[in-house]
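Results of the structural survey
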Amino acid sequence: MATVVNDVVGSSRGLSMNHWRSRVLCLCAWGAAMAAHAGSLTVKMVDSQGHPISDGVATIDRAYQPSAPSTHYVDQKNETFIPYVEVVHPGDSVVFRNSDSTRHHVYTFSPLGAFQFILSPGESSPPVALNRAGVIAVGCNIHDHMIAYLVVATDFAEVTTQNGQAHFDDLSPGHYTVTVWHPQLWPGRPPIRAAVDVPAEGATQELAFTLKLMPDPRHFVDREHLDY
Amino acid sequence: MKVRRLYPMLALLIAATSLRAQDYVLHAYIDERLVAAPDDTSWTNGGFGKTRYGGNQTQLHFGGAALYGAAQITPDLLAMGQVQYQTGDRGRVSLLEGWIRYRPVSTTPWRWSLRAGALFPPVSMENDGVGWTSPWTLSSSAINTWTGEELRAVGGELELEHRGEVSNWDFRASLFRRDDPAGTVLAIRGWSIGDLVSGIGTRLREPDAEVSEEDETPPNYYDPFRSIGASHWGDYVAVSWHAPGETSVSVMHYDNHADPGASAPYAGGDEQYAWRTRFWSAGARTDTGAITWIAQALDGYTTIEPIEDAYQRTHYRSAFLLAGWNRGAWRPALRIEHFSTLTPSSDIDWSQSEHGNAVTGALNWRPRSYLRLTAEVLRIDSTSTLRAEYGLPARIIDTQLQLNVRLLY
Ligand SMILES: [Cu+2]
């Protein structure tokens, strides 16, 4: 069984990266009775107040067999990387695109492969091939509050959207282990996992995780908290 | 002298305007307040009162204004400057800080950078707003009031960061000049609590009673940021640890290496002494839920030797704990602090001491990103031998109320 990344690799300033080992506050799975696509799974992530958590990564213990490598785009808008978290698979590549009117200096010191690009407004980086599994923290050397994560996964992995949900479709029936990760999980805690059975007949399994997160490290600059 | 000081600012402005508009940022604030002041004459008017405002009056005051500019000249090179405007007798426009930072990218966990210019030594954990203001209270703690009044490093600072898997470390070392009067105000006036920051170009007022005692005519002012005596470098070193979740701990040591026997003539009075000033400073901050906690402590000495082998040494210390509640637009904050100075001497005229406690409660409301309203009450209970020496009550309780409107850009 290959889990995603157990190893954390880079960090930008102000961030701590060893987030794989984290604690589950509450973990509950329930079978949903409603008929839907055969063999599908929805993973939900919420905080202790029940608010949905976006940018969490759910991984299932089935190796991903790519048809062809794909290219992913990480944009920069308003001094923010979009998306915050992107799942890729070994062999894929990523292009950084600057949609701001200011320069960015995108970089990582990840042992999985360091890179750095100065991007003028409107400019895109050459594609960066990502071949080794792990989490790569990406920063901007001009704006320390800019942070993004590339999760290079060998297994099937999905990112939760604004509604806190990640979907897996067309799953063959069987027993699955779901592992959850988020950049703001407290470091040094055990991995968050749960098992779920996806039935043979048309039902969407749901699995919910309640996560305790650290504050968002992307300090949005404010006149009362200048970032220098 | 004044004109010469303008050149770096002009150079900064020219550099900024020659860039594309997108590569620089400007921020500013302007501040007006209604103040109910305590009886005692404020230190800002030559008294021994510990609050910024005194004289038992309730009236409107212009609180100050500042302009912050930062220009990314190249991806590695950042220029930053803050200029303030204050009314009153302290010098109207002054440079709070201004520096150039060279910080090349690093694709290892270590990253170094070098700053050169006029810097605030990294003492304060409160003052990260435009114009070195605090988002928590109007009045800075006693420690950071003094930092704002007399501490500025004109020189260079090397910073080395280690970005770890869990936490980050930050090491700084600085060599600086022009901070030889640092410590004067703690010795001749004692601690104070306010938000009047000195810029380069500002003059600080000496207590009138002390000036008269010297058979001079008040008011007297001195430049807190100058070199006195033989050429030398001061230094500070600081280490910070940044843990996950907004927690950090810092320790620093500062020594201006001034020659305590050195003095120089100055505009206001007879001789301005160099004060050998050394201190340890420690600070910590963390968040528990929506509450931000900040604590700082500072302990040090300042020494002059006006006559050979006759030292006057003032020991000063202070500590505070601040709790700020982050409730969106509303941000209440409460700070408690203690401060003291002690100048032992066999000569009764030289022997002085003070001690006191203060409580600051502030309620900040920020209905718009550009508008902040603050109500603050500050109560200082202090006992000072200096006041008794000049016929004032040794123990005084000052209570100052402020209602403040601040526009932010
Ligand atoms: Cu950037």
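The following paragraphs examine the structure supplied in this document. Only a predicted model underlies this, so the values are computations on that prediction, with no experimental measurement involved. (Residues numbered from 1 in each chain as written. Chains lettered and ligands numbered in written order. Predicted model: local features only at pLDDT ≥ 70, side-chain atom pairs only at ≥ 80, totals over all residues. Heavy atoms only, no water.)

1. Considering the interface of chain B and chain A
As a reminder of what qualifies: Contacts are assigned to residue pairs that have any heavy atoms within 4.5 Å of one another. Defined here as a combined quantity, buried area equals the accessible surface (1.4 Å probe) lost by two parts on assembly, summed across both. Salt bridges are defined as contacts in which a side-chain nitrogen from Lys or Arg sits within 4 Å of a carboxyl oxygen from Asp or Glu. Between N or O atoms, a polar contact is any pair within 3.5 Å; within protein, one atom must be a potential hydrogen donor and the other a potential acceptor, and residues adjacent in sequence are included only when both atoms are from side chains. Strands are runs of DSSP state E lasting at least 2 residues, helices are runs of H or I lasting at least 4, and numbering of each runs from the N terminus. Amino acids are sorted into nonpolar (Ala, Val, Leu, Ile, Met, Phe, Trp, Tyr, Cys and Pro), charged (Asp, Glu, Lys and Arg) and polar (every other residue, Gly among them).
With 44 residues of chain B at the interface, the matching set in chain A holds 36 residues. Together, B:P75, B:V105 and B:E165 form the three largest contributors to the area buried by chain B at its contact with chain A, with a combined 17%. Viewed at the interface, chain A and chain B are joined by six salt bridges. Notably, a salt bridge pairs A:E224 with B:R366, separated by 3.0 Å at the nearest N-O pair. Our count for the contact surface shared by chain B and chain A stands at 13 residue pairs in polar contact (both at pLDDT 80 or more). For the side of chain B that touches chain A, the elements supplying multiple residues, two or more each, are strand 2 (58–74), strand 3 (77–85), strand 4 (93–102) and strand 6 (153–163) of chain B. Of the residues forming the side of chain B that touches chain A, the biggest block, four residues, is contributed by strand 2 of chain B. Its residues assigned to classes, the side of chain B that touches chain A comprises 15 nonpolar, 14 polar and 15 charged.

2. Some words on the sheet that holds strand 11 (residues 134–140) of chain A
The strands making up a sheet are joined through hydrogen bonds of the backbone, oriented either antiparallel or parallel. Residues and elements named next belong to chain A. To keep things clear, this is the line we draw: DSSP calls a pair of strands paired once it identifies at least 2 bridges connecting them. All axes are obtained by fitting lines to C-alpha atoms, using only the stretch in contact for helices, and the reported angles, taken between N-to-C directions, cover 0 to 180 degrees.
A sheet is described by the order of its strands in space; here five strands give the open sequence 6-12-11-8-9, paired in mixed fashion. A strand with exactly one partner marks an edge of an open sheet, and here the two such strands are strand 6 (85–88) and strand 9 (115–119). Strand-to-strand twist of the sheet, defined as the mean angle between neighbouring strand axes without regard to direction, takes the value 20°. As judged from the two bridges shared by strand 8 (residues 104–108) and strand 11, these two strands associate in the antiparallel manner.

3. Thoughts on the packing of aromatic side chains
Residue and element names in this part refer to chain B. Selection rule: In this analysis, rings of Phe, Tyr and Trp, with Trp reduced to its six-membered ring, are considered paired at centre separations within 6.5 Å, and the interplanar angle assigns stacked below 30 degrees, edge-to-face beyond 60, and tilted for intermediate values.
Per the stated rule, a full pass over the model turns up 20 aromatic pairs over all chains. Plain terms: the ring middles of W146 and F279 are 5.5 Å apart, the flat faces sit at 70° to each other, and that makes the pair edge-to-face. Remark: F279 occurs in strand 14 (residues 276–288) and W146 occurs in helix 2 (residues 142–150); sequence separation between them is 133 residues. Between W191 and Y316, the aromatic rings sit 6.2 Å apart at their centres with planes inclined by 70°, giving edge-to-face as the arrangement. Highlighted residues: W191 in the loop between helix 3 (184–188) and strand 8 (204–205) and Y316 in strand 16 (residues 310–325), separated in sequence by 125 residues.

4. Overview of the pattern of salt bridges
When the charged atoms of two side chains lie near each other, side chains of opposite charge can form a pair. Residues and elements named next belong to chain B. The cut-off we apply is this: Burial status follows relative accessibility: with a 1.4 Å probe on protein chains alone, a residue under 20% of its type maximum counts as buried, one over 50% as exposed, and anything between as partly exposed.
A full pass over the atoms with the stated rule returns 29 salt bridges over all chains. Of the charged contacts, one joins R52 and D195 as a salt bridge, the two residues approaching to 2.7 Å between their closest N and O atoms. Of this pair, R52 sits in the loop between strand 1 (24–36) and strand 2 while D195 sits in the loop between helix 3 and strand 8; the two residues are 143 residues apart in sequence, bridging distant segments of the chain. Residue classification places R52 among the buried positions, given a relative accessible area of 6%. Residue R189 pairs with E149 through a salt bridge whose shortest N-O separation is 2.9 Å. Placement of the pair is R189 in the loop between helix 3 and strand 8 and E149 in helix 2, with a sequence separation of 40 residues. Here R189 falls in the buried class, since its relative accessible area comes to 5%. Under the relative-accessibility criterion, E149 is labelled buried at 0%.

5. Some details on the environment of B:T288
Note on placement: B:T288 falls in strand 14. For the pair B:T288 and B:T247, spaced 41 residues apart in sequence, the C-alpha separation works out to 9.7 Å.

6. A few points about the coordination of the copper ion
Residue and element names in this part refer to chain A. Short version of the rule: Donor criterion used throughout: N, O or S atom within 2.8 Å of the metal, extended to 3.2 Å for Na, K and Ca. Water excluded; incomplete-looking sites may result.
Summarising the metal site, the copper ion is bound by the protein donors H104 (ND1), C140 (SG) and H143 (ND1), whose distances to it range over 2.0 to 2.2 Å. The motif formed by the donor residues of the copper ion, counted along the single chain, is H-x35-C-x2-H. For C140, a relative accessible area of 1% puts it in the buried group. Owing to a relative accessible area of 10%, H143 belongs among the buried residues under this scheme.

7. Some remarks on the nonpolar core
Where a protein is soluble and globular, its nonpolar side chains tend to be buried together. Selection criterion: Nonpolar core, defined: a set of buried Ala, Val, Leu, Ile, Met, Phe, Trp, Tyr and Cys residues in which side-chain atoms within 4.5 Å join the residues together.
In terms of nonpolar packing, the biggest core is built from 43 residues, with B:W146, B:W191, B:Y254, B:F279 and B:L298 touching the most fellow members. Discounting residues that sit within four places of it in the chain, B:W146 has contacts with B:L151, B:A182, B:G183, B:V185, B:L186, B:W191, B:T277, B:F279, B:L298 and B:Y316.

8. Notes on a nonpolar patch on the surface
Residue and element names in this part refer to chain B. Applicable threshold: Each patch groups residues whose relative accessible area exceeds 30% and which form no salt bridge, using 9 Å between like charges and 5 Å between nonpolar side chains of Val, Leu, Ile, Met, Phe, Trp and Tyr. Each accessible area value is a Shrake-Rupley result obtained with a 1.4 Å probe; residue values ignore everything except the protein chains displayed when judging cover.
Together, Y102, W110, W112, L114, L158, L160, W169, F171, W241 and V249 make up a nonpolar patch on the protein surface, roughly 900 Å² of accessible area in all. Contributions of two or more residues to the nonpolar patch are made by strand 5 (110–119), strand 6 and strand 7 (168–177). Among the elements that make up the nonpolar patch, the one with the highest residue count is strand 5 (three residues). Locating W110 in the fold gives a position in strand 5.

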